Amino acid sequence: LVYLAMPFQGIGFGIFIFAIKYYIVTITPDRLKASAQGTAEAFYYGLGGLVSGLMGGGLTDAFGLSTTLLVGAGGVILSSAFLLGNILAERRKGIV
């Protein structure tokens, strides 16, 4: 089952990378675009992988795999709600 889901991860990550780069370019002033892109990449390529691995391993050891997956799903829902709220607020202001 995991092997069947892997192509969707690749597609999803490709969409994520494109969307986050577009979003950063849209909201960042011209003089800070390169810094904003570099900072974002440091987080989702470097720091994100390190922190998520440590937290996921710790949660799985302490509470089991089901709880870890539920926490991860909750994080996805919260971050999606935050991003959607931010986009809607910017549209109301006329930024995006």
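Relevant structure appears above.
Numbering of residues begins from 1 in every chain and follows the order in which that chain's sequence is written. Given that this is a predicted model, residues contribute local features only at a pLDDT of at least 70 and side-chain atom pairs are listed and counted only at 80 or more, while totals for whole chains, interfaces and linings are drawn from all residues. Computation of side-chain values covers all heavy atoms of the structure but excludes hydrogens and water.

## Things to note about the overall build of the chain
Part 1 of the reasoning: Counting from the N terminus, the helices are the DSSP runs of H or I reaching at least four residues and the strands are the DSSP runs of E reaching at least two. The secondary structure content of the chain amounts to three helices and zero strands.
Part 2 of the reasoning: Starting at the N terminus, the α and β elements of the chain follow one another as α-α-α.
Part 3 of the reasoning: Overall, the C-alpha framework of the chain stretches about 45 × 25 × 25 Å when taken along its three principal axes.
Part 4 of the reasoning: A simple rule labels every residue: compare its accessible area, found with a 1.4 Å probe on the protein chains alone, to the largest value its type can have, and call it buried under 20%, exposed over 50%, or partly exposed in between. Across the 96 residues in the chain, those meeting the buried criterion constitute 10%.
Part 5 of the reasoning: None of His or the chain ends enter the tally, which takes Lys and Arg as positive and Asp and Glu as negative. Just so you know, the charge point we use is NZ for Lys, CZ for Arg, CG for Asp and CD for Glu. Positive and negative charge centroids in the chain, built from 6 and 4 side chains respectively, lie 12 Å apart.

## Structural notes on the environment of S52
Part 1 of the reasoning: Relative to the helices and strands, S52 resides in helix α2 (residues 33-63).
Part 2 of the reasoning: Residue S52 is classed as partly exposed on the basis of its relative accessible area of 46%.
Part 3 of the reasoning: Placed 20 residues apart in sequence, S52 and G72 show a C-alpha to C-alpha distance of 9.4 Å.
Part 4 of the reasoning: Within the structure, S52 has its side chain in polar contact with the backbone oxygen of G48 (distance 2.8 Å). Side-chain atoms alone can form a polar contact between residues adjacent in sequence; in general such a contact is a pair of N or O atoms within 3.5 Å, and within protein one must be able to donate a hydrogen while the other accepts it.

## Some details on the pattern of salt bridges
Where charged atoms of side chains with opposite charge meet at close range, the side chains can pair.
Part 1 of the reasoning: Salt-bridge detection follows one rule: a side-chain nitrogen of Lys or Arg within 4 Å of a carboxyl oxygen of Asp or Glu. On inspection of all chains with the given rule, the structure shows two salt bridges.
Part 2 of the reasoning: Measuring nitrogen to oxygen at the nearest pair gives 2.5 Å for the salt bridge that ties E41 to K21. Here the residue E41 occupies a position in helix α2, and K21 occupies one in helix α1 (residues 2-27), the gap between them amounting to 20 residues.
Part 3 of the reasoning: Given a relative accessible area of 27%, K21 falls into the partly exposed group.
Part 4 of the reasoning: Between D30 and K33 there is a salt bridge whose closest N-O contact spans 3.6 Å.

## Considering α2
Part 1 of the reasoning: Note on bend: the value at a residue is the angle between axes fitted to the seven residues ending there and to the seven starting there. Its maximal kink placed at G48, α2 deviates by approximately 45 degrees.
Part 2 of the reasoning: In this analysis, two residues are considered to be in contact whenever any of their non-hydrogen atoms come within 4.5 Å of each other. On its buried side, α2 packs onto α1 and α3 (65-93).
Part 3 of the reasoning: Looking one or two residues past α2, G64 carries a phi angle of roughly 100 degrees, positive in sign.

## Some details on the packing of α1 against α2
Part 1 of the reasoning: As a rule, the C-alpha atoms of each element are fitted with a line to give its axis, helices using only the stretch in contact, and angles between N-to-C directions run from 0 to 180 degrees. Contact geometry of α1 with α2 gives a least axis separation of 9 Å together with a crossing angle of 150 degrees. Taken together, the axes of α1 and α2 lie roughly antiparallel to each other. Once α1 is placed against α2, the crossing between them reads as right-handed. Residue-level inspection shows F13, F16, I17, I20, K21, I24 and V25 of α1 in contact with α2, the latter providing K33, A36, Q37, A40, E41, Y44 and Y45.
Part 2 of the reasoning: In this classification, the charged set is Asp, Glu, Lys and Arg, the nonpolar set is Ala, Val, Leu, Ile, Met, Phe, Trp, Tyr, Cys and Pro, and all remaining amino acids, among them Gly, are polar. Looking at the contact of α1 with α2 residue by residue, the classes come out as 10 nonpolar, one polar and three charged. The labels follow the angle: roughly parallel below 35 degrees, roughly antiparallel above 145, roughly perpendicular from 65 to 115, and oblique for the rest. The crossing is said to be left-handed when, going from far helix to near helix, the turn is anticlockwise and less than a right angle, and right-handed when the turn is clockwise.

## Focus: a nonpolar patch on the surface
Part 1 of the reasoning: By definition, no residue in a patch forms a salt bridge, and every one has over 30% relative accessible area; like charges are joined within 9 Å, nonpolar side chains (Val, Leu, Ile, Met, Phe, Trp, Tyr) within 5 Å. Exposure was quantified through the Shrake-Rupley algorithm and a 1.4 Å probe, taking into account, for residues, occlusion by the shown protein chains and nothing else. On the surface, a nonpolar cluster with roughly 610 Å² of combined accessible area is contributed by F43, L47, L50, V51, L54 and M55.
Part 2 of the reasoning: The exposed category is assigned to L54, whose relative accessible area is 62%.

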